[in-house]
Amino acid sequence: MHTEINKVSVSIIVPVYQAEQFLEKSVETIMAQTLKNIEILLVDDGSTDKSPEICDSLAQRDKRIRVIHKKNGGQSSARNVGIAAACGEYVGFMDNDDFLYPEMCERLYKNAIDYHADISSCSFITKNEEEVVSHDKHNDKLYIYDRKQGVKEFLAREIADVYVWTKIYKKDFLEIHHIRFEEGRSEEDWLFNHLAYFASKRSVMADFPGYLYIERKNSTCRTFHKKNLHKYLDDVCYRIQTIEKKVADTYPDLLFWAKRQTINTCFRILYVISKHERRECEPHYSWIKTYLHSNAKMVISERNYWGMSLPGVILAAYMPASLYYRLKKWKNRKVD
């Protein structure tokens, strides 16, 4: 009986790297969760600022906090170390500069237990550094998915999202299916969740905002393509090809949803490519153009999904990326 009372329901894993500016306030939002029997794992990923000392100080304030100091290996490595060390029945994740709303863990855990779910998720609110809020419309409905429905919703992104920080995952489920983050790759949330949803017998999604995502101008995800263009292109193309192949092999009738996400990502990549010389972007540029041409019917029919007009989508698909975005910039110029 004593063991059950002290059982950890949820472990929240926080990869920590050069986070001295925001770390304490972020972790305090986990400490303030209404679900009390939680564990907070701060994985210091070789920080060289004051983050290690802040982690240790926080652990002295709250006995539920454990700190792991490791050599720098990247966010996926830190998350994997956290998963291996977690004692919770479920594990979740938070970035070291974001915030949890007070009832997030309690509501996710209750839904997970009530519906015997491998994955329990919620939604999020985005706020930028100017305090402008977005992604703030939620219906508070509950959705329950079997494996195939979960995969479809993961691909569609109409209710669920692809981020790991809006979810908790049953620890035994992750261990049985050997689900971990692919180290050395960006797009890690996509890759982790495609493994999770393809393995999950049941998942549940409650459309309430449990997580506050802070959109920072100089965050790694927003500047990565500027620092390492070729790796950015390689990782994104790897992600979309990996997931689409998995769908084709497992649920070919869901290929529409996989292709729609692939095409949407291709247009996003073309915008990045338009700022560089084509030779810097090969072979990825040629692959994207070939993919868009071979899926031309869908590129045109689903143009509202990527917010483009018929002429715009045709030009984007067939015109060289640099010329298209130059034309778009000229069209949207301010005329005095």
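Residues numbered from 1 in each chain as written. Predicted model: local features only at pLDDT ≥ 70, side-chain atom pairs only at ≥ 80, totals over all residues. Heavy atoms only, no water.

Peer 1: Is there a simple way to think about the overall build of the chain in this case?
Peer 2: Scanning the chain for helices and strands turns up 15 helices and 10 strands. Radius of gyration (C-alpha) of the chain: 21 Å, near the 20 Å computed for a compact globule of 336 residues. Buried positions account for 52% of the 336 residues belonging to the chain. Across the chain, every contact between residues at least 6 apart in sequence was considered, and the portion connecting residues at least 24 apart equals 79%. If you sum the accessible surface of the chain, you get close to 16,800 Å²; carbon and sulfur atoms cover 52% of it. Measuring between centres, the 51 positive side-chain charges of the chain sit 6 Å from its 47 negative side-chain charges. (Helix = DSSP H or I, 4+ residues; strand = E, 2+ residues; numbered from the N terminus. Rg over C-alpha atoms; globule rule 2.2 N^0.38 Å. Buried < 20%, exposed > 50% of the residue type's maximum accessible area, 1.4 Å probe, protein only. Contact = heavy atoms within 4.5 Å. Areas by Shrake-Rupley, 256 points an atom, 1.4 Å probe, with all protein chains shown as cover. Lys, Arg positive; Asp, Glu negative; His and termini not counted. Charge placed at Lys NZ, Arg CZ, Asp CG, Glu CD.)

Peer 1: Explain the environment of A199 here, please?
Peer 2: Along the polypeptide, A199 turns up in helix α8 (residues 188-199). Linking A199 and V132, residues 67 residues apart in sequence, is a C-alpha distance of 37 Å. Dropping the residues within four chain positions of it, A199 is found in contact with R147, F173, H177 and I179.

Peer 1: In this structure, what is going on with the pairing of strand β4 (residues 90-93)? I would like to understand it.
Peer 2: On β4, burial covers both faces: Y90 and G92 on one face and V91 and F93 on the other are all buried. Where strand β1 (residues 10-16) lies against β4, four bridges are found, and the strand directions are parallel. Across the sheet, S11 pairs through a bridge with V91, a residue of β4. Pairing of β4 with strand β9 (residues 167-170) involves three bridges; the strand directions are antiparallel. If you follow V91 over to β9, its bridge partner there is Y169. (Pairing = 2+ DSSP bridges.)

Peer 1: Looking at this structure, how should I read the environment of Y211?
Peer 2: Tracing the backbone shows Y211 in strand β10 (residues 202-215). The exposure class of Y211 is buried, given its relative accessible area of 0%. With 68 residues separating them in the primary sequence, Y211 and Y143 have C-alpha atoms 18 Å apart. Among the polar contacts made by the side chain of Y211, one reaches the side chain of D98 at a distance of 2.8 Å. (Polar contact = N/O pair within 3.5 Å; in protein donor to acceptor, adjacent residues only side chain to side chain.)

Peer 1: Would you explain helix α5 (residues 104-114) in this entry?
Peer 2: Owing to its 3.6 residues per turn, the α-helix brings residues three or four apart onto one side. What α5 keeps buried is the set M104, C105, L108, Y109, N111 and A112. The arc that holds the buried residues of α5, viewed along the axis, is 160°, so those residues lie on one side. Downstream of α5 by a residue or two, H116 has a phi angle that is positive, lying close to 50°. (Arc of directions from axis to C-beta.)

Peer 1: What exactly am I supposed to notice about unusual backbone geometry here?
Peer 2: Of note, the bond from E282 into P283 is cis; its omega dihedral lies within 30 degrees of zero at 5°. Position of P283 among the secondary structure elements: in the loop between α11 (255-273) and α12 (284-294). Phi angles above zero are rare outside glycine, and Q18 is one such case at about 45°. Assignment of secondary structure puts Q18 in the loop between β1 and α2 (23-31). Backbone geometry at H178 places phi at a positive 55°, although glycine is not the residue there. Given the relative accessible area of 67%, H178 is considered exposed.

Peer 1: Would you mind going over the pattern of salt bridges with me for this structure?
Peer 2: Any two side chains of opposite charge can pair, given that their charged atoms come close. Counting across every chain of the model gives 28 salt bridges. The residue K167 makes a salt bridge to D161 at a minimum N-O spacing of 2.8 Å. No difference in accessibility class separates K167 from D161, as the two residues are buried. Here the salt bridges share partners, and the residues they tie into one network are E182, R185, K231, D234 and D235. (Salt bridge = Lys/Arg side-chain N within 4 Å of Asp/Glu carboxyl O.)

Peer 1: Can you walk me through the state of the cysteines in this structure?
Peer 2: Simply put, disulfide is the name for a covalent bond between the sulfur atoms of two cysteines. Here the structure, examined in full by the defined rule, presents zero disulfides. Unpaired in terms of disulfides, C55 finds its nearest cysteine sulfur in C87, a separation of 18 Å. Between C266, a cysteine without a disulfide, and C237, which holds the nearest cysteine sulfur, the sulfur-to-sulfur distance is 6.8 Å. The class for C266 is buried, based on a relative accessible area of 0%. (Disulfide = S-S within 2.5 Å.)

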